[in-house]
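Examining the three-dimensional arrangement
Chain by chain, the residues:
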Amino acid sequence: LAAGPAGPGSARDLFAEGLLEFLRPAVRQLDSHVHAVRVNLRELCRINEDQRVALDLDPYVKKLLNARRRVVLVNNILQNAQERLRRLNHSVAKETVRRKALLDSGGAYPQGSPSK
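What counts and how
Residues numbered from 1 in each chain as written. Predicted model: local features only at pLDDT ≥ 70, side-chain atom pairs only at ≥ 80, totals over all residues. Heavy atoms only, no water. UniProt positions renumbered as here; feature names shortened; annotations may be inferred. Patch = residues over 30% accessible without salt bridge, like charges linked within 9 Å, V, L, I, M, F, W, Y side chains within 5 Å. Areas by Shrake-Rupley, 256 points an atom, 1.4 Å probe, with all protein chains shown as cover. Salt bridge = Lys/Arg side-chain N within 4 Å of Asp/Glu carboxyl O. Helix = DSSP H or I, 4+ residues; strand = E, 2+ residues; numbered from the N terminus. Buried < 20%, exposed > 50% of the residue type's maximum accessible area, 1.4 Å probe, protein only. Expected span 1.5 Å × (residues − 1).

Under an unreviewed UniProt entry, the protein has the name Biogenesis of lysosome-related organelles complex 1 subunit 7 and belongs to Sphenodon punctatus. Of the protein, the UniProt comment under Sequence similarities (unreviewed entry) reads exactly: "Belongs to the SNAPIN family."

Structural notes on a nonpolar patch on the surface
Side chains of Phe 15, Leu 19, Phe 22, Leu 23 and Val 27 sit close together on the surface and give an oily, nonpolar patch of about 530 Å² of accessible area. Assignment of secondary structure puts Leu 23 in helix H1 (residues 11–51). With relative accessibility at 41%, the residue Leu 23 sits in the partly exposed group.

A short note on helix H2 (residues 58–105)
Helix length check: H2 (48 residues) gives 70 Å between terminal C-alpha atoms against 70 Å at 1.5 Å per residue, within 8%. Gly 106, located one to two residues past H2, shows a positive phi value of around 75°.

A look at the pattern of salt bridges
This structure, assessed with the given rule, holds six salt bridges. For Glu 83, the salt bridge is made with Arg 86, and the minimal N-O distance between the two is 2.6 Å. Of this pair, Glu 83 and Arg 86 both sit in helix H2, three residues apart, which is roughly one turn of that helix. Using a relative accessible area of 49% as the deciding quantity, one classes Arg 86 as partly exposed.

Dropping the structure here:
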C-alpha cells in the first residue's frame, strides 16, 4: 500500500473500511452469543433460586446445645470431684506428717481423736 494522502477515498480509508466490513459479522455474532449467555445465566440464576431448599437446622442446633449442656455438666462434676480429691490428698498429707512427727518424737497418740 502506498502511503498517499489521507483524504476521503484514500487507500488507508479503503483498507479500514474493508477490514471493518470483514470483521463486522464476527463481531455481531460474538455480541449475539454474549447476549444469549447473559440471558441463559439470568435464567439459570432464577432456576437456582427456585430450587433452593430451605434447610431446617433447628433440630441439629438443639441437639448440639443439649450435647454442650451435658458436656458442661460432666465437666462441673469432674471439677468438683477433682477439688474434693485435692482437699482429701492435702488432709492425708497433713495427717501423715503429723503421725510421722509423733512417731519420731516417740510419743503416743493423745487421748483425743487421731485427726486432731
